[in-house]
Each structure stands twice: as C-alpha cells, then as structure tokens.
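Take a look at the letters that make up each chain.
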Amino acid sequence: MPGRGAGPKAVDRELLTPRSERTHMEFRRKDLLGIADLEAGEIRHILDTASSLKEISTRPIKKVPTLRGKTVVTMFYEPSTRTRMSFEIAAKRLSADTLNLTVAASSAVKGETLADTAANLQAMQPDLLVIRHQASGAPHYLARRLKCGVINAGDGIHEHPTQALLDLLTVEEAKGTLAGLKVAIIGDIAHSRVARSDIHAFTKMGSEVTVAGPATMLPPYLETLGVRTTCSLEEAVTGADVIMMLRLQLERMGQMFLSTLREYSVNFGLAPRHLALAQDDVIIMHPGPMNRGVEISPEVADGAHSVILEQVTNGVAVRMALLYLLIGGEKEG
Amino acid sequence: MSLLISGGTVVDPAQGLEEARDLLIDNGKIAALEPPGAIPGEGRRLLDARGLVVTPGLIDMHVHLREPGEEYKETIESGARAAVKGGFTAVACMPNTQPVNDTASVTRFILDQAARAGLARVYPVAAVSVGSEGQALSEYGDLKAAGAVALSDDGRPVMNPLLMRRALEYAKTFGLPIISHCEDLDLRADGVMHEGLVSLELGLWGIPAAAEEVMVFRDINLAYLTGARLHIAHVSTFGSVQIIRWAKSVGIEVTAETAPHYFSLTDEAVRGYDTNAKVNPSLRTAEDVAAIKEGLADGTLDAIASDHAPHSSLEKDVEFGAAAFGLIGLETSLGLSLKLVHDNVLTLSQLVAQMSTNPARILGVPGGTLKPGSPADVTLLDLNREWQVDVTTFASKSRNCPFNGWTLQGRAVMTIVGGKVVSSEQ
C-alpha cells in the first residue's frame, strides 16, 4: 500500500500485524506511565493480550482466578466515572482485591502531600496503584518512590495511556489494521491528555495522524510529534478512516481560548455532513464523557459509524491486559 | 599585619590588567599592586599565589537570602557562607522576604545580620512597590539612606506600566537603579516551564519566550522615556538579547545580567519532571543558550548573577506543577561560568568584568577593582582544578541544584573580604 502505508515513522511491519505468531516478548515494566515510553512491540503485546482476555467478559461467570491474592488500589484525584469503573471491573474479573481511594475521603483534603499518601499506601503493600491526578508527572513522581507498580490513569494534560490503548484496540478490531490508516483527532489538542497519548500511539503503530482545532488549542511544535495540523475540521476529516472527537473542557470557556460554545460547535462540532467527506467505512470515536451538541451531534454519536461504546467495552479488556502484564505471573530478576 | 599575595596572575579589567603582579593588603585596603618581587615581604604575612589567578572580589548581584521570614531555606549567614565559598565577596539580595524589604527597618535588619555574620558584604535591594504588590511606591529615599543599593520587585514584576514609569522616575530622583524581572504575568498564565517541544511532550503548561521579551521591550522604552537607570535581571531568551543589543546600539542606557543556568542548561533538563530545573525565567532552548553566550561575548549582557533561590524539600519534593520556582547557584556559578572561558566564549578578563567590575559599577558599590585604595576584596582562583558538584557539601541550607554530580573545571580557592580571609581551601 504505497502512500497510505507510509506512516510518519519507520515501523517494524511485523509488529503491526495483530495476533502475530511471534513468541511473545516479556513485558518487563514495573509501571505504565505513558505511551511515549513504549516501543511498538510492547503496544502490540498489550493489544494481543487484551484481545485474548476479552472473551472472559462475555462468559456467564465473568471471573478468572489469575490475580487472586493481588491488591490493586485506585487513587483518583480528579472525578472519573468510566475510567475508574473500568479499572475496578477489570481487576475484579481477574480476581484481584480492589480498594478505591477518593479524594474527598482521603487525606489529600487534610493537606497530606502526595509523597506521604503514597508512602502510607506502600506500607500496606499493594501490588499496583492506579492513579489519576491533576498534576502532569504525578504518576512518574510516585513510580520513582514506590515499590509497587503504577498505572497512569490520566495525569494533568500529559498522558492517558490506557485510553490510547483501548482506542488502538477498537480501531484495529474495526479496520483489521492500524498501519496506513488516516486518523483525525479534533478539538482541544493543547489541554488533552487523550490527544497526547493517541498521537504517540497511532504514530507508533504506523497510522497517519491529522489533528485539528482552533489555533488557540493547537500548541506549537505539534508537527514535531509526527502529525499534520490544520485549523479546518473539513480538511482533517477528508478521507479519514477514523475520526476521534475530543471532549471540550467547558472550563476553557473562561480562559480566552474560545468565543462561544455556539461558534465552537459550528466550526469544530462533528455533524452528519462531515461524514460524507470521510471514507465510507469511517468510524467515529470519543473518549467520553460527551458534550452532545457541542463537539459531536447526537446523530453522529448514536449513528451507524459510532464505535463509542465499543471503546468502553475494550477499555475493560485493555485494563485487564495491563493488570495481568504488570502483576500477573512471576517476574524474575 | 599586612598581607602580601605574591606570584599570582592579576586580572583586573578596570585597569586593563592581566599579568603577574604582587598585591599588598593593609588595613582592609589594597595598599599596593606591583610587578613581581617589587614589594618586600619582610614583616608581612605571605601568601604564595603561584599558579593562581588573583581577581577583584566577585560580586553576585542577584541572590535570595530568605531572611527574614524563611530561615529554614537560607539565612543571611548561611547564604553569605555559600557566597564566600563560591568566591563571592559581595552579594545583592532581593527584597522578596517576609516581610518584604520595603522599609528602612528591614534594610537595616539585613545589614545588621550581614555584619554579624562577618563573611560577604551584603547589599540589600529594596522593593519597588509597597509589599511588592505593584500598587504604590515604597520610600526610596529612606531605603537608600538605610543602605539599599537598588530597587526591584523581583519575582513579582510590576505589571502596571504607569507604576513602572513612575518608579523609574522616582528612583532617578535618588540615583538608584531599578532591576527589572521582566515577565508579563498574564502571558505566563499558569505556565510552569518554557513553552516548546518539551512542555508539549511533558504536558506542562508553557511560558512563551514572549512573556519575557514584551516586558524587556516595555521597560527599555520606559527607561528611554524617563532617562532612568534600568538593569534587566536574568535574561534568558534570544529575543531579549536582541532587544537589549538594539537598545544599546541606539544609546539607551540599560544594563543586563544573565545567570549560569541560562547558558548551561536547556528545557531538556525538565524531562523526568525534575523540580530542580523549575526556575523563573524558564530554562529555554539551545538557540537561546547560544544567544546568551553571544550576548555575553559581545557585551550586550553586562553581568553574570546566580539568582540563587534556595528552597527546601517542602517546596521541591512535590509534583512539578506544585513546586516552587528557583535553583541555588552561589556555589556553582563560578565553575559554570569558567566553562565559558575554557570553551573560548569569553576571555578571563571579560568574565571577571561580568562577575565583579560591572556589578560594582551597576550597583554603585565599592570593589570591582584591585586599584590601590580599594577595599581589599579579593578572590583567588585555580582555573584548572577539577571538582565535582556535591550538594551535600554545600554551605547553603538548601539543596535545589540541578548541577549535582557535574564535574566542573576551576574554582575559588580563597576569598578575602576587607583584608580578612573568609574562605580558604588551603
């Protein structure tokens, strides 16, 4: 496939083939902090593992004993519904014990530092900590200090790696491949951890990524990450195989990034007329939660091209895979 | 007893001197500076400076000593000890203490503490505005009488251009320079590091170079308008160097400093979310570093100052976004700056001018030269001694140094203030 197959980065073709017959590489990481640190081979391994675990969630008894006796703590400093639930369901389907620490109920409100909270958790000897935090780099800070593994469930405006992995899995299931696909990511790129992780993930797997949004939300140097940028939604979706709409964070309205929601919706909201510009079999994605009528029209969100709920289903599979790879089985050395 | 320093190479840009000279110190002053062997040694304490460079005492014109108010980070005594260990005989300390140095009583307190420590000379810089709140002018006349040598709202820049204009005019009334921390706080917004590729990749809010440059241009304009003495603090960007170079070329009276971290590090140092690399202005790009070096080499930048900003683990051992800005520099400034000499960016004379002669001139304080009659503030350098930066050995109370573990070439081996040896490695 000359042209479309030419991703922005040179990629080992073998790694791009799903369920390859290669012997699985060891996944030797203690933490999953971001997509930027991952090799394409590791991403391939995570996706293959997720695919094979997906079936568990379709059984009448949705539980396997794989992580029995392991303790997974989720620590969320920002509100979250699906990510947190997804991690919890994933852990429970693998029989891990889960413990959820919410900010309101935790010591954070009493002024305890992140380091002290972490040290106290460590003293209770969990196997894995899943953290979401408003500060970019907070999971990295903890990972350096903790013996247990750390999964980044979203840090500030930096990365949201598990979202990107479930996005990859969803696209691969729909398209049969990731290499050479045209992926458009639309919205507030500057403040989106989903966008950052997706940009790394799709470019590493050989897709061609175009990002679009108002120039206030396109930070300088984006092209350095191997993507095309445009301020035109129409241009970005033309010929696209995948359209990823980002949630518009409404608090940006007060920060001079936009004029009005109405105007944003007119210029950057995905409507049925845009789908005609894309490939016939384009899929529409959204990390949720959606602002219906702002970045995405209800017709598109609920239409035949939408795979938004498949994303949620795959979220559980990807998180099961990561829990398994990080704390399942014995690791030597 | 008088002290004879013999056999060294004297570098004194104020006299255009860079040759073998013997130096006689008597009664706290430079008594004589003569060719080798010309001053008899009998009855004098002798100091063999063979193989060493003898310079006028180095002056760091931009430090934060944290006292009063944040003595857990630094005191005037610990800061002065770090200064003399780093080769500095004098420092100018910024007013962002608690309380802010906006009154004569705080200025006098600083001078009293410095006298009690008896190490480096400490020159208080007082606040431009009351409480550094950018609303009303502080009492410049009183402050000068109490011993303040300059005015600055460092760290809390004057955003109101009218207040800045009046401050420049009022400072001119009393013959004080204004040291401007050039930063547009609205443009900085929530930024925590330089806006560029690294901030994009790390997901940290960026501070564009323009946040500094628009204020450099504003203040130079206002200096031209008022004819007042403006000194630009910690220049960090290519654009700022260009603007200052232009201003000097058209005859506007402005001086400027940079700090060693702006020619030694780039924003790459922030990777890994290292809070010791969180500093304001931000560490910039390789292009900016090259421009800073060029600015020092062609004299656009007059001085090197450390912007020594001590913080404890309370402020630094936290998430990057929550960490305080600032790094310490008194004990690494000279070693990092000497690299510019070893790399042939600067001559040794230029470096001494930027670390002694020019700061003295800009602040209007004694020193900066070894002319007979000057205060006997002297630094002895071993240009070639290799040493490793080890924060655990620092005299400063704080450890927020991004250069820990670096190997540097050249350091101060003796520091003499008013004829008294206050730091020595021999």
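Residues numbered from 1 in each chain as written. Chains lettered and ligands numbered in written order. Predicted model: local features only at pLDDT ≥ 70, side-chain atom pairs only at ≥ 80, totals over all residues. Heavy atoms only, no water.

Explain the overall build of chain A residue by residue, including any values.
For chain A, the count of helices and strands is eleven helices and nine strands. Here the contacts in chain A between residues at least 6 apart in sequence split such that 74% fall between residues at least 24 apart. Carbon and sulfur atoms make up 54% of the accessible area of chain A, which amounts to about 13,800 Å² in all. (Helix = DSSP H or I, 4+ residues; strand = E, 2+ residues; numbered from the N terminus. Contact = heavy atoms within 4.5 Å. Areas by Shrake-Rupley, 256 points an atom, 1.4 Å probe, with all protein chains shown as cover.)

Summarise the packing of helix 1 (residues 40–53) of chain A against helix 11 (residues 308–327) of chain A; cite the residues concerned and give the values.
All names here are of chain A. Running from N to C, helix 1 and helix 11 point in directions that differ by 115 degrees, and their axes come no closer than 8 Å. Relative to helix 11, the element helix 1 is oriented roughly perpendicular. Crossing hand, helix 1 versus helix 11: right-handed. Across from His45, Ile46, Thr49, Ala50 and Leu53 in helix 1, the residues of helix 11 making contact are Ala317, Val318, Met320, Ala321, Leu322, Tyr324 and Leu325. Counted by class, the contact of helix 1 with helix 11 contains ten nonpolar, two polar and no charged residues. (Axes fitted to C-alpha atoms, helices over the stretch in contact; angles between N-to-C directions. Parallel < 35°, antiparallel > 145°, perpendicular 65-115°, else oblique. Left-handed = near helix turned anticlockwise from the far one by under 90°. Nonpolar A, V, L, I, M, F, W, Y, C, P; charged D, E, K, R; others polar.)

Outline the packing of aromatic side chains, listing residues and values.
Note on aromatic pairs: each is described by the distance of the centres and the angle between the planes. Per the stated rule, a full pass over the model turns up five aromatic pairs over all chains. Seen in terms of ring centroids, Tyr140 of chain B and Tyr170 of chain B are 5.0 Å apart; in terms of plane orientation they differ by 45 degrees. Their pairing is tilted. Of the two residues, Tyr140 of chain B is situated in helix 3 (residues 140–146) and Tyr170 of chain B in helix 4 (residues 161–173); the sequence distance between them amounts to 30 residues. With relative accessibility at 0%, the residue Tyr140 of chain B sits in the buried group. Summarising the aromatic geometry, the rings of Tyr170 of chain B and Phe174 of chain B are spaced 5.1 Å apart at their centres and angled 85 degrees between planes, so their arrangement reads as edge-to-face. Among the aromatic residues, those joined into a cluster by ring pairs are Tyr140, Tyr170 and Phe174 of chain B. Over the ring of Tyr141 of chain A we find Arg145 of chain A, and its NZ or CZ is 3.6 Å from the ring centre. The ring of Phe325 of chain B carries the charged tip of Lys278 of chain B above its face, separated from the ring centre by 4.8 Å. (Phe/Tyr/Trp six-rings, centres within 6.5 Å; stacked < 30°, edge-to-face > 60°. Buried < 20%, exposed > 50% of the residue type's maximum accessible area, 1.4 Å probe, protein only. Lys NZ or Arg CZ within 6 Å of the ring centre and 35° of its normal.)

Go over the interface of chain A and chain B, please, and point to the residues and values.
One frequent convention defines the size of an interface as the accessible area lost when the parts assemble. Contact with chain A, which involves 24 residues of that partner, is made by 15 residues of chain B. Taking both sides of the interface into account, the surface hidden between chain A and chain B amounts to around 1,600 Å²; carbon and sulfur atoms contribute 62%. The tally of links from chain A across to chain B stands at one salt bridge. The shortest N-O distance in the salt bridge between Arg145 of chain A and Asp317 of chain B comes to 2.4 Å. Taken together, the links from chain A to chain B amount to seven residue pairs in polar contact (both at pLDDT 80 or more). Among the elements that line the side of chain A that touches chain B, the one with the most residues is helix 4 (residues 138–145) of chain A, at five residues. Considered class by class, the residues forming the side of chain A that touches chain B number eleven nonpolar, eight polar and five charged. (Buried area = accessible area lost by both parts, 1.4 Å probe. Salt bridge = Lys/Arg side-chain N within 4 Å of Asp/Glu carboxyl O. Polar contact = N/O pair within 3.5 Å; in protein donor to acceptor, adjacent residues only side chain to side chain.)

Can you break down the sheet that holds strand 20 (residues 420–424) of chain B residue by residue, with the values?
Residue and element names in this part refer to chain B. Read across the sheet, six strands follow the order 3-2-7-18-19-20 without closing on themselves; strand pairing throughout is mixed. Lying at the two open borders of the sheet, with one neighbouring strand each, are strand 3 (17–20) and strand 20. Averaged over all pairs of adjacent strands, the angle between their axes in this sheet comes to 25 degrees, without regard to strand direction. Running over the sheet, helix 13 (residues 348–363) touches strand 2 (9–12), strand 3, strand 7 (53–56) and strand 18 (378–388) and is turned about 35 degrees from strand 7. (Pairing = 2+ DSSP bridges.)

I'd love a proper account of the confidence of the model for chain B, names of residues and values included.
With 100% of its residues at a pLDDT of at least 70, chain B reaches an overall mean of 97. The ipTM for the predicted assembly is 0.87, set against a pTM of 0.92. (pLDDT = per-residue confidence, 0-100.)

Outline the pairing of strand 5 (residues 29–34) of chain B, supporting the account with residue identities and numerical values.
All names here are of chain B. Here strand 4 (residues 22–26) pairs with strand 5 via five bridges, running antiparallel. Paired with Leu23 across the strands is Leu33, a residue of strand 5. Hairpin geometry of strand 4 and strand 5 is characterised by an intervening segment of two residues between the two adjacent antiparallel strands and by a positive phi of about 60 degrees at Asn27.

Tell me about the confidence of the model for chain A, residues and numbers included.
Residue and element names in this part refer to chain A. Of the residues in chain A, 89% reach a pLDDT of 70 or more, and the chain-wide mean stands at 90. Segment residues 1–10 is flagged for pLDDT under 50; beyond a separation of four residues in sequence, or across chains, it makes 18 contacts in the model. In the predicted structure, residues 20–24 sits below a pLDDT of 50 and forms seven contacts with residues beyond four places in sequence or in another chain.

Break down helix 13 of chain B for me, with residues and values.
Residue and element names in this part refer to chain B. Its 16 residues give helix 13 an end-to-end C-alpha distance of 22 Å, which sits within 8% of 22 Å, the value for a rise of 1.5 Å per residue. The largest bend in helix 13 comes to about 45 degrees, at Gln354. With 14 of its 16 residues buried, helix 13 lies for the most part within the structure. After helix 13 finishes, the residue Gly364 shows a positive phi value of roughly 65 degrees. (Expected span 1.5 Å × (residues − 1). Bend = angle between axes of the 7 residues up to and from the residue.)

Account for the pattern of salt bridges, naming residues and giving values.
All names here are of chain B. In the structure shown here, the tally under the stated rule is 32 salt bridges over all chains. Here Glu212 and Arg284 are joined by a salt bridge, their closest N and O atoms 3.6 Å apart. Linking Glu212 in helix 7 (residues 210–226) with Arg284 in the loop between helix 9 (260–264) and helix 10 (286–297), this pair joins segments that are 72 residues apart in sequence. Connected via shared salt-bridge partners are Asp382, Arg385, Arg411 and Glu425.

Explain the pairing of strand 6 (residues 208–212) of chain A to me, using residue names and the numbers behind them.
Residues and elements named next belong to chain A. With five of its five residues buried, strand 6 lies for the most part within the structure. With respect to chirality, the unit in which strand 5 (residues 182–186) leads through helix 6 (residues 193–204) into the neighbouring parallel strand 6 is right-handed. Taken together, the three bridges between strand 6 and strand 7 (residues 228–230) define a ladder with parallel strand orientation. The residue bridging Val211 from the neighbouring strand is Thr229, located in strand 7. (Right-handed = clockwise from strand over helix to strand, strands pointing away.)

Which residues make up the packing of helix 3 (residues 114–123) of chain A against helix 4 of chain A, and what values go with them?
Residues and elements named next belong to chain A. Running from N to C, helix 3 and helix 4 point in directions that differ by 45 degrees, and their axes come no closer than 10 Å. Taken together, helix 3 and helix 4 sit at an angle that is classed as oblique. For helix 3 against helix 4, the interelement crossing comes out right-handed. Contact residues: helix 3 offers Leu114, Ala115 and Ala118, while helix 4 offers Ala138, Tyr141 and Leu142. When the residues that make up the contact of helix 3 with helix 4 are grouped by side-chain class, the tally is six nonpolar, no polar and no charged.

Describe unusual backbone geometry, listing the residues and the values that go with them.
Geometrically, the link from Glu67 of chain B to Pro68 of chain B is a cis peptide bond, its omega value of 5 degrees lying close to zero. When you line up the elements, Pro68 of chain B lands in the loop between strand 8 (58–63) and helix 1 (76–85). Of note, the bond from Asn280 of chain B into Pro281 of chain B is cis; its omega dihedral lies within 30 degrees of zero at 0 degrees. If you check the backbone angles, Ser95 of chain A has positive phi at about 70 degrees while not being a glycine. Tracing the sequence through the fold places Ser95 of chain A in the loop between helix 2 (82–93) and strand 2 (97–102). We classify Ser95 of chain A as buried; its relative accessible area is 14%.

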